[in-house]
Amino acid sequence: MGVLDIVPAGVLTGDNVRKLFDYAKENKFAIPVSAFPIGGKYPAETTISLPGYSESRMKSTTVSWPNSFKNVTSSSTANAVLEAARDIKAPIILQVSQGGSAYFAGKGLSNDNQQASILGAIAAAHHIRTVAKAYGVPVVLHSDHCAHKLLQWFDGMLAADEAYFKEHQEPLFSSHMLDLSEEPKEENIATCVKYFKRMAPIGIWLEMEIGITGGEEDGVDNTGVDNASLYTQPEDIYDVHAALSAISPNFSIAAAFGNVHGVYKPGNVKLQPELLGKHQAYSSQKLGGKSEKPLYLVFHGGSGSTKEEIKTAVNHGVVKMNVDTDTQFAYLAGIRDFVFKKKDYLLTQVGNPEGADKPNKKFYDPRVWVREGEKTLSARVKEACSDLGNVNRL
């Protein structure tokens, strides 16, 4: 039995997300995810009310996408990941970050009230929904770290989910992440509970973080945090589980075990994925031992991890791992190598080593060199899936 015997192809929501993660835990594999600052195609006549911004900044407005599809080549990152998942027959997670969402909408837009990040996240979600099913793979459509200072972005996406639910009986996104790890534990949990009570009835998975992921990613800088904050305690994990499971089982916990965003020299980061096993054992004991691994765990800062660290994390119930830094570099590599190799064809529109009157359009057309980035990105996603045991799972 494969994943497609349990859930359909395309964007998953509600209990289908949990069914996918249950299958992953039972079969000891995890699903890689990368955050994409992508441009995209916009769906026909999509209208949605987004409180929180407008011409007068703080009044409700309606945003409509034009009837025709606008093809922006930087949407290629999402398509390249879907292509990789299709080729290796694997479910996949596509996510947007706050900064990446603003980039999707366009760097020329103001984002003083998170309006560009809200618009970009919604546009990205519609693009992925439009094409995902055609690739024949299950997709979890997720939003990444949302710190307390970015809750206005979260509110805008959740409003879009609720509007989409009214029309389609499911939310726009599969899941959202609240990262309130810098706040006191009680405040972190209370805020997650407040939002989860609103998310659960419309079928949105919640990912929360307790314990801090070090390093820097997308404007969130935790490079100076105390090392003790990089390791979550089992008691804290259980407190989260007790609070959220009273609402719905559809949530996951990003527990810190020395994680750091980015790639660093060996020895600079001390991961202890074996701690995840202790979290599972503690919660299992508190819950009466009905399940050895009652927690759905998330591995942030996965780029640069050893295969042994990844294997240990997966064996302890990690169902999702972020590899954004590695995939960013992979996307660059294909484009970089093409430019180096073809530089004499990229200096002018006409004239190259084959002749002074030879045109160069077939070399500088963005669809040509961007495709090279798609190829290397796709290859890196396949490698990550292989590391996580996420191959031939459909």
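Bear in mind the structure is a predicted one, so any value in this text is a computation, not a measurement.

1. A word on the overall build of the protein
Line of reasoning, step 1. A tally of regular secondary structure across the protein gives twelve helices and 15 strands.
Line of reasoning, step 2. Among the 394 residues that make up the protein, the fraction classed as buried is 55%.
Line of reasoning, step 3. Taking as baseline every contact in the protein between residues at least 6 positions apart, the subset at least 24 positions apart corresponds to 70%.
Line of reasoning, step 4. As presented, the protein carries roughly 17,100 Å² of accessible surface, and 51% of it is formed by carbon and sulfur atoms.

2. Quick word on unusual backbone geometry
Line of reasoning, step 1. Even without a glycine there, the phi angle at Lys-89 is positive, about 60 degrees.
Line of reasoning, step 2. Inspection of the secondary structure puts Lys-89 in the loop between α2 (76–88) and β5 (92–96).
Line of reasoning, step 3. The backbone of Gln-114 shows a phi angle near 65 degrees, a positive value even though the residue is not glycine.
Line of reasoning, step 4. Here Gln-114 is to be found in the loop between α3 (98–105) and α4 (115–132).
Line of reasoning, step 5. Owing to a relative accessible area of 10%, Gln-114 belongs among the buried residues under this scheme.

3. Describing the nonpolar core
Line of reasoning, step 1. The biggest cluster of nonpolar side chains holds 78 residues, and the ones touching the most others in it are Leu-244 and Ile-253.
Line of reasoning, step 2. In terms of residues, this core owes the most to one element, α4, which gives nine residues.
Line of reasoning, step 3. If sequence neighbours within four positions are ignored, Ile-253 has contacts with Met-208, Ile-210, Ile-237, Val-240, His-241, Leu-295, Tyr-296, Leu-297 and Val-298.
Line of reasoning, step 4. Ranked by size, the runner-up nonpolar core spans 16 residues in total, among them Val-3, Val-7, Phe-21 and Ile-31.

4. A short note on the pattern of salt bridges
Line of reasoning, step 1. One pass over the structure, following the stated rule, counts 17 salt bridges.
Line of reasoning, step 2. Across the pair Glu-372 and Lys-375 runs a salt bridge whose closest N-O atoms are separated by 3.3 Å. With Glu-372 and Lys-375 both in helix α12 (residues 366–387), this residue pair falls three residues apart, about one helical turn.
Line of reasoning, step 3. By sharing partners, the salt bridges in this structure join Glu-83, Arg-371 and Glu-374 into a single network.

5. A word on helix α10 (residues 324–341)
Line of reasoning, step 1. Compared with an ideal rise of 1.5 Å per residue, which puts 18 residues at 26 Å, α10 spans 26 Å between its outermost C-alpha atoms and is within 8% of the ideal.
Line of reasoning, step 2. When we look at burial in α10, the residues that qualify are Asp-324, Asp-326, Thr-327, Ala-330, Tyr-331, Ala-333, Gly-334, Ile-335 and Phe-338.

6. Regarding the pairing of strand β11 (residues 251–255)
Every other side chain in a regular strand lies on the same face of the sheet, so the side chains alternate between the two faces.
Line of reasoning, step 1. In terms of burial, β11 is largely enclosed, as five of its five residues are buried.
Line of reasoning, step 2. Burial of β11 is two-sided: the residues Phe-251, Ile-253 and Ala-255 facing one way and the residues Ser-252 and Ala-254 facing the other way are all buried.
Line of reasoning, step 3. For strand β8 (residues 205–210) and β11, the ladder comprises five bridges, and the chain directions are parallel. By the bridge assignment, Met-208 is partnered in β11 with Ile-253.

7. Structural notes on the pairing of strand β6 (residues 138–143)
Line of reasoning, step 1. The buried fraction of β6 is high, at six of six residues.
Line of reasoning, step 2. Where burial is concerned, the two faces of β6 agree: the one with Pro-138, Val-140 and His-142 and the one with Val-139, Leu-141 and Ser-143 are both buried.
Line of reasoning, step 3. Pairing of β5 with β6, which is carried by five bridges, proceeds in the parallel orientation. Pairing of Val-96 across the sheet is with Ser-143, part of β6.
Line of reasoning, step 4. Pairing of β6 with strand β7 (residues 175–178), which is carried by two bridges, proceeds in the parallel orientation. Paired with His-142 across the two strands is Ser-175, which belongs to β7.

8. A few points about the packing of helix α5 (residues 151–168) against helix α6 (residues 185–199)
Line of reasoning, step 1. Running from N to C, α5 and α6 cross one another at 15 degrees; their axes reach a closest spacing of 11 Å. Between α5 and α6, the angle is such that the two are roughly parallel. Where α5 crosses over α6, the handedness of that crossing is left-handed. Listed contacts from α6 to Leu-151, Phe-154, Asp-155, Leu-158, Ala-159 and Glu-162 of α5 are Tyr-195, Arg-198 and Met-199.
Line of reasoning, step 2. Per-class residue counts for the contact of α5 with α6 are six nonpolar, no polar and three charged.

9. Section: the packing of aromatic side chains
Line of reasoning, step 1. In the structure shown here, the tally under the stated rule is eight aromatic pairs.
Line of reasoning, step 2. Ring centres of Phe-154 and Tyr-195 lie 5.0 Å apart, and the angle between their planes is 70 degrees; on these two criteria the pair is classed as edge-to-face. Here Phe-154 is found in helix α5, whereas its partner Tyr-195 is found in helix α6, with 41 residues between them in sequence. Exposure class is identical for Phe-154 and Tyr-195. Each is buried.
Line of reasoning, step 3. Judged by centre distance (6.1 Å) and plane angle (80 degrees), the rings of Phe-196 and Phe-251 are edge-to-face.

Conventions and cut-offs
Residues numbered from 1 in each chain as written. Predicted model: local features only at pLDDT ≥ 70, side-chain atom pairs only at ≥ 80, totals over all residues. Heavy atoms only, no water. Helix = DSSP H or I, 4+ residues; strand = E, 2+ residues; numbered from the N terminus. Buried < 20%, exposed > 50% of the residue type's maximum accessible area, 1.4 Å probe, protein only. Contact = heavy atoms within 4.5 Å. Areas by Shrake-Rupley, 256 points an atom, 1.4 Å probe, with all protein chains shown as cover. Core = buried A, V, L, I, M, F, W, Y, C linked by side-chain atoms within 4.5 Å. Salt bridge = Lys/Arg side-chain N within 4 Å of Asp/Glu carboxyl O. Expected span 1.5 Å × (residues − 1). Pairing = 2+ DSSP bridges. Axes fitted to C-alpha atoms, helices over the stretch in contact; angles between N-to-C directions. Parallel < 35°, antiparallel > 145°, perpendicular 65-115°, else oblique. Left-handed = near helix turned anticlockwise from the far one by under 90°. Nonpolar A, V, L, I, M, F, W, Y, C, P; charged D, E, K, R; others polar. Phe/Tyr/Trp six-rings, centres within 6.5 Å; stacked < 30°, edge-to-face > 60°.

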